[in-house]
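Understanding the architecture of this molecule
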Amino acid sequence: MKKVSFKTLGCRLNQYETDALVTQFHQAGYQVVDYSKHADITVINTCTVTNQSDQKSRNTINHAARKNAGGIVVVTGCMANNHKEQLEANELITYVVDNEHKSSIVSLVDAHFKGEVVHPQSFPGDVFGFEAVDQSLHTRTSIKVQDGCDNFCTYCIVPSVRGRAVSRPLEEVLENIRRVVDNGFKEIVITGVNIGRYEYGQYNLERSIEKMAELPGDFRIRISSMEPDGFGPDFHKVFQHPKMAPHLHLCSQSGSDKILKLMRRMYTTSSFMEILNTFRKHSPDFNFTTDIIVGFPGESKEDFAETVRIAREAHFSHIHTFRYSRRKGTRADRLEDQVAEKIKSERSEVIRKISEENRIRYMQSMIGKEQQVLIEKLDRKGTAHGYGEHYLPVQFPSSDGTRNIFRKVKLKKVETSETPFIHGLDQSFSP
Ligand code: SF4
């Protein structure tokens, strides 16, 4: 039995595709081993969204090739699309497989071990050609509903490495959910590149989620990262369904309308805040997290002050902060007024601090309330670790040592350690 290991960089969509490949290799008779172990095949699912991601991908490729001397190294993911020739010239790499052909990697490896000389492009390309996940490296599983993007934000390389926006047939999505729920998954994360643009026949994202939530079974639905455009004014109503997790990662990117325009984002700061206010009018504890880019070309002190204001006023419980990274082939790369790296670091430090303050404040505001916590792990002390529906990390003494189940937990006290979490008390057995 050949051993295969995986390393995934980047977004939740990449994680989903790795999970699906884990399942396909498992079903094809390969032994899936941890990345730290020696393997006959190593699949590296790369990311190219920033210069740092490229560097991380390169380091991982070199590390994997050295660690598995004599094994085959398959490099896939967005860097395989963005730097194909460079990677194909790297002798440490056996196959470079672009995103479109990622779902046929098992067939490629099978052919390799049969001694056939094959090219990844000779297999069918299907961005939705993945199996329902039965083997996963995670407790919750993602469901890919969409791929590609037509927005062309000026800083973003994704449209050129993931292609045009395409939506997966809704029936396929529903069947995928039925199967992963049958496989025991309790939390489904809806993912894609720009899922707000989902459209299949008469179904837009809102209508499709309603269909997903109607499916039988003890599971909840979480939406992964979203752009603030593409959904209708009633989107908040979808979250009133008991299966829906009241948390949204909505990418704001900047608090300055001047910078949003230069980024070619399709909203203003006030229309963005309107979305948050509408959601919170109907669900005051609704949890918003976000992405912010600092140091975009032309970002003045005043523009940054606007971003700081929004980072505070929006009460994001977590902010992923990115220093603007020049990407060849994007329009922003040709803009003047590029911001110095030193200023980018200073500004990202400011946002990082605000994010930490917001996080503790949001956690404090939830003390005394209850969460349905999905238990992801149990430590040696018998403490259960998991997330509540509001995407809060909670730890509590476990009564029966079972993983992958929901427990009703009362939130007791915030632990303001390096990685803050909330101490809770299991209410499942209390009257
Ligand atoms: S919406 Fe913009 S940032 Fe998001 S993937 Fe598309 S082009 Fe990139």
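One can find the structure itself at the top, above this paragraph.
This write-up is about the structure you can find in this document. All values reported here derive from a predicted model rather than from experimental measurement.

Rules of the game
Residues numbered from 1 in each chain as written. Predicted model: local features only at pLDDT ≥ 70, side-chain atom pairs only at ≥ 80, totals over all residues. Heavy atoms only, no water. Helix = DSSP H or I, 4+ residues; strand = E, 2+ residues; numbered from the N terminus. Buried < 20%, exposed > 50% of the residue type's maximum accessible area, 1.4 Å probe, protein only. Contact = heavy atoms within 4.5 Å. Areas by Shrake-Rupley, 256 points an atom, 1.4 Å probe, with all protein chains shown as cover. Lys, Arg positive; Asp, Glu negative; His and termini not counted. Charge placed at Lys NZ, Arg CZ, Asp CG, Glu CD. Near = heavy atom within 4 Å. Nonpolar A, V, L, I, M, F, W, Y, C, P; charged D, E, K, R; others polar. Phe/Tyr/Trp six-rings, centres within 6.5 Å; stacked < 30°, edge-to-face > 60°. Lys NZ or Arg CZ within 6 Å of the ring centre and 35° of its normal. Pairing = 2+ DSSP bridges.

1. A look at the overall build of the protein chain
Along the backbone of the protein chain there are 13 helices and 20 strands. If you line up the protein chain on its principal axes, its C-alpha atoms span 60 × 60 × 45 Å. Looking at the protein chain as a whole, 54% of its 431 residues qualify as buried. Long-range pairs, those at least 24 residues apart, make up 70% of the contacts in the protein chain with a sequence separation of at least 6. When the accessible surface of the protein chain is totalled, it reaches about 19200 Å², and 50% of it is carbon and sulfur. Taking the average location of the 59 positive side-chain charges in the protein chain and that of its 55 negative ones, the two points are 4 Å from each other.

2. With respect to the side chain of Asp333
Tracing the sequence through the fold places Asp333 in the loop between β15 (318-323) and α13 (341-366). The class of Asp333 is buried, set by a relative accessible area of 17%. In this structure Asp333 touches Tyr324, Arg326, Arg327, Lys328 and Gln338, once residues within four positions along its chain are discounted.

3. Some remarks on the site of the ligand
In the region of the ligand, the neighbouring residues are Cys149, Asn151, Phe152, Cys153, Tyr155, Cys156, Val158, Pro159, Val193, Asn194, Glu227 and Arg265. Partitioning the shell around the ligand into residue classes produces eight nonpolar, two polar and two charged.

4. With respect to the environment of Phe152
In this structure, Phe152 sits in the loop between β7 (146-147) and α6 (158-162). Once residues lying within four places of it in the same chain are set aside, the contact partners of Phe152 are Pro159, Arg164, Arg264 and Arg331.

5. Points about the packing of aromatic side chains
Taken as a whole and judged by the stated rule, the model has 16 aromatic pairs. With a centroid separation of 5.1 Å and 80° between ring planes, the pair formed by Phe25 and Tyr30 is classed as edge-to-face. For the residue pair Phe25 and Tyr30, the accessibility class agrees, reading buried in each case. Here the aromatic residues Phe231, Phe235, Phe239, Phe279, Phe286 and Phe288 are joined through ring pairs into a cluster of three or more. In this structure, Lys67 packs its charged tip against the face of Tyr35, placed 4.5 Å from the ring centre. Of note, Arg140 hangs over the ring of Tyr387, and the distance from its end group to the ring centre comes to 5.3 Å.

6. Some thoughts on the pairing of strand β20 (residues 421-426)
Bridge count for strand β18 (residues 393-397) against β20 is two bridges, and the pairing is parallel. In the sheet register, Val394 faces β20, and the bridge partner there is Ile422. Pairing of strand β19 (residues 406-415) with β20, which is carried by six bridges, proceeds in the antiparallel orientation. The partner of Lys413 across the bridge, within β20, is His423. Here β19 hands over to β20 after five residues, the two strands then running antiparallel side by side.

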